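# Observations on chain architecture
One-letter residues, chain by chain:
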Amino acid sequence: MNLIFEKSVPGRRGLKLPVADVPRAAALPENLVRTEPAQLPEVSELDLVRHFTGLSRRNFSVDGNFYPLGSCTMKYNAKVTENAAALFADVHPMTPLLPEGETSAQGALCLILGLSRLLAEITGMDEVSCQPLAGAHGEMTGIMLIAAYHRAKRNKKKYVIVPDSSHGTNPASAAMVGYEIITIPSAPYGDMDLDAFRAAMNGEVAAVMLTCPNTLGLFNPHIREICDIAHEHDALMYYDGANLNAILGKVRPGDVGFDVIHVNLHKTFGTPHGGGGPGSGPVGVKRELIPFLPGPRIIKHADGRCGLEKGTSESIGRVANFYGNFGVMARAYAYIILLGREGLIEVSEQAVLNANYMLARLREHFDLPFDRTCMHECVFSASRQLKHGVHAIDIAKYLIDRGYHPPTVYFPLNVKEAIMIEPTETESKETMDAFIEAMIEAANLAEKEPERLHEAPRTMPVGRLDETKAAREQNVCFG
Ligand SMILES: *Cc1c(COP(=O)(O)O)cnc(C)c1O
């Protein structure tokens, strides 16, 4: 249906080349020369432009539509940060190292160092490495640092504690470093159950991984106490700062007692992401963990120039090629510098205000499993709609027909029929109101015409896919 070959008409051309009037420069070996012309679509330039423009419009993007995908922070990324990254387009990762270990890529190195210092300031940590290539990679790096710390202290540690609302990458990262996972259930108010945590805590726990606000969008008022309990057992506190946009300029995890943090530049700090595109998950640590940071480390000499220093012998070594995903860092650096301190505070205030607006306007129509003021996202449940046979997935598919990317559904795992909405700070009240109307319409249809929701999406080139199969066996050619 959409294959360019189907538009092909014999003899039609987009370009006419003059007949060659010079001899062939280098004849190919006889066995490589075609005997028949290649089977290419024969189309005009306009056919071709329409074909590819049409395909590009099928790509859902923040630049085109509202994208309230909870936990993913699909905010609008200002184009000026793209310009910042483009300034470095000519710096090749192989730019030569000079004999003393200094490099001629001064601007790029100083930017990475500058960014790591800004992130240390924002998170309340003593030093930051920008090497990790994504959030999950930052988590694994952070847990490797924690393991190196315990090894150096000859601590015998076996477990990592995570709450049941944690992002799946948390237990996965800890397990990859070799720890066994202890999962703590959530209390009825949505935070990790403190009594269960106290009972599970023991001298063999290496670290406690917390997301705060957690994936229910709730801020845990007991983090200080949790940090104290962990530290009594010489366990380190890990902060999953993928969604730091809820607390920028408000709380510094380092001040509350966290020892290690990763942040997602591609969520919080204004760089585009999705579709497996490049990310960056810098890791920050407190002083005791600095010797273990990945090497080589970027340093500033007394004369103001930047250089590279091999990590110490205790360093966990490199975790990425070269310096990490530099383009993402350049965007994040520009984002932070352009907004400044006051701007970043405004970002988190607006993100939290927008999520609470969603919560306030939709709470009548959907069940709210944890009825508290939220941070940057809010989590509803479609359990009321389920009584009419409508699942969260049916509502999600209906929203596609209305031109929205669905919110995150079925996550966090501790909420039945979860619908997790993160409007982000960049959306206007008008956009949110239109989305809220679509959500209310879905709730009404669930009661009156549930089949309409079961049939959705009806406006898309494909209907309901086997999502697991679609992710594992991609067939991007079929129209
Ligand atoms: C997105 C996210 C991660 C993982 O980040 P990636 O860059 O996708 O690896 C980890 N924790 C939380 C809470 C997240 O939202």
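Every value quoted in this text rests on a predicted model; they were computed, and no experiment measured them.

### Quick word on the sheet that holds strand β12 (residues 418-421)
The three strands are arranged β10-β12-β11 in an open sheet whose pairing can be described as antiparallel. Two strands close off the open sheet at either side, each with one partner strand: β10 (378-381) and β11 (408-409). In the sheet, β10 pairs with β12 via four bridges, with the strands oriented antiparallel. Residue F380 lies in a different strand from β12, and its bridge partner there is I419. Across the sheet, helix α10 (residues 326-362) is in contact with β10 and β12; its angle to β10 comes to roughly 25°.

### Here's the deal with the side chain of N354
Looking at the element boundaries, N354 is found in helix α10. For N354, a relative accessible area of 3% puts it in the buried group. Here T424 takes part through its backbone oxygen, which lies 2.9 Å from a polar atom of the side chain of N354. With residues up to four places along the chain from it excluded, the contact list for N354 reads P423, T424, E425, E427 and M432.

### Let's talk about the pattern of salt bridges
This model, assessed by the stated rule, comprises 25 salt bridges. E425 is the partner of K75 in a salt bridge, and the nearest nitrogen-oxygen pair spans 2.8 Å. One end of the pair, K75, is in the loop between α1 (45-57) and α2 (79-86); the other, E425, is in the loop between β12 and α13 (429-448), and 350 residues separate them in sequence. On the accessibility criterion, E425 (10% relative accessible area) is buried. A salt bridge links E342 to R341; its shortest N-O distance comes to 3.8 Å. Of the residues examined, R341 reaches a relative accessible area of 64% and is grouped as exposed. Bridged by salt links that share partners, the residues R361, K429, D433 and E437 form one connected network.

### Here we look at the packing of aromatic side chains
Enumeration according to the criterion identifies eight aromatic pairs in this entry. With centroids separated by 5.3 Å and ring planes inclined at 80°, the aromatic side chains of F60 and Y67 adopt a geometry described as edge-to-face. By relative accessible area, which is 13% here, Y67 ends up buried. Aromatic side chains Y239 and F258 sit 4.9 Å apart centroid to centroid with 85° between the ring planes, which places their arrangement in the edge-to-face category. You can see Y239 sitting in strand β5 (residues 236-241) and its partner F258 sitting in the loop between α8 (253-256) and β6 (260-263), a full 19 residues away along the chain.

### Considerations on the nonpolar core
Ranked by size, the top nonpolar core spans 59 residues in total, and within it F197 and F269 carry the most contacts. Excluding residues within four positions of it along the chain, F197 makes contact with I161, I184, M192, V208, I226 and I229. Counting 31 residues, the second largest nonpolar core, distinct from the first, contains L359, F380, A392 and A443.

### Quick notes on the pairing of β12
Along β12, one buried face is formed by A418 and M420 and the opposite face, lined by I419 and I421, is buried too. Looking at chain direction, β11 and β12 are connected through two bridges and run antiparallel. The partner of T408 across the bridge, within β12, is M420.

### Considering the site of the ligand
If you check the shell around the ligand, you find 14 residues, and the closest are S71, G135, D240, H266 and K267. G135 is positioned with one of its backbone polar atoms (N or O) 2.8 Å from an oxygen atom of the ligand. A distance of 2.6 Å separates a nitrogen atom of the ligand from a polar atom in the side chain of D240. Coverage of the ligand by the protein amounts to 85% of the 380 Å² it exposes when considered alone. Broken down by element, the residue count for the shell around the ligand peaks at three residues, all from helix α4 (residues 135-152).

### A look at the domain arrangement of the protein
Think of interface size as the accessible area that goes away when the parts come together; that is how it is often given. Per the domain assignment, the segments making up the protein are domain 1 (4-58) and domain 2 (79-338). A separation of 49 Å is found between the C-alpha centroids of domain 1 and domain 2.

### Remarks on empty space enclosed by the protein
For the structure on display, the rule yields six cavities of 30 Å³ or more. Space inside the largest cavity adds up to approximately 60 Å³. Lining the largest cavity are P163, S165, D191, M192, L210, T211, C212, N214 and N220. Classifying every residue of the lining of the largest cavity gives four nonpolar, four polar and one charged. In this structure, the second largest cavity spans a volume of roughly 50 Å³. For the second largest cavity, the full set of lining residues is L216, L218, L359, L368, F370, R372, C374, C378 and V379. When grouped by side-chain class, the residues that make up the lining of the second largest cavity number eight nonpolar, no polar and one charged.

### Section: the sheet that holds strand β1 (residues 127-129)
Read across the sheet, seven strands follow the order β1-β7-β6-β5-β4-β2-β3 without closing on themselves; strand pairing throughout is mixed. The open sheet terminates on both sides in strands that have one partner only, identified here as β1 and β3 (180-184). Recorded for the sheet is a direction-independent mean angle of 20° between the axes of neighbouring strands. The pairing of strand β4 (residues 205-211) with β5 spans five bridges and is parallel. If you follow L210 over to β5, its bridge partner there is Y239.

How each quantity is defined
Residues numbered from 1 in each chain as written. Predicted model: local features only at pLDDT ≥ 70, side-chain atom pairs only at ≥ 80, totals over all residues. Heavy atoms only, no water. Pairing = 2+ DSSP bridges. Helix = DSSP H or I, 4+ residues; strand = E, 2+ residues; numbered from the N terminus. Contact = heavy atoms within 4.5 Å. Axes fitted to C-alpha atoms, helices over the stretch in contact; angles between N-to-C directions. Buried < 20%, exposed > 50% of the residue type's maximum accessible area, 1.4 Å probe, protein only. Polar contact = N/O pair within 3.5 Å; in protein donor to acceptor, adjacent residues only side chain to side chain. Salt bridge = Lys/Arg side-chain N within 4 Å of Asp/Glu carboxyl O. Phe/Tyr/Trp six-rings, centres within 6.5 Å; stacked < 30°, edge-to-face > 60°. Core = buried A, V, L, I, M, F, W, Y, C linked by side-chain atoms within 4.5 Å. Near = heavy atom within 4 Å. Areas by Shrake-Rupley, 256 points an atom, 1.4 Å probe, with all protein chains shown as cover. Domains from an automatic or database assignment. 1 Å grid on protein atoms, 1.4 Å probe; cavity = no way out; pocket = protein on both sides within 12 Å on 5 of 7 lines; lining within 4 Å. Points joined across faces, edges and corners; volume = space filled by probe spheres on them. Nonpolar A, V, L, I, M, F, W, Y, C, P; charged D, E, K, R; others polar.

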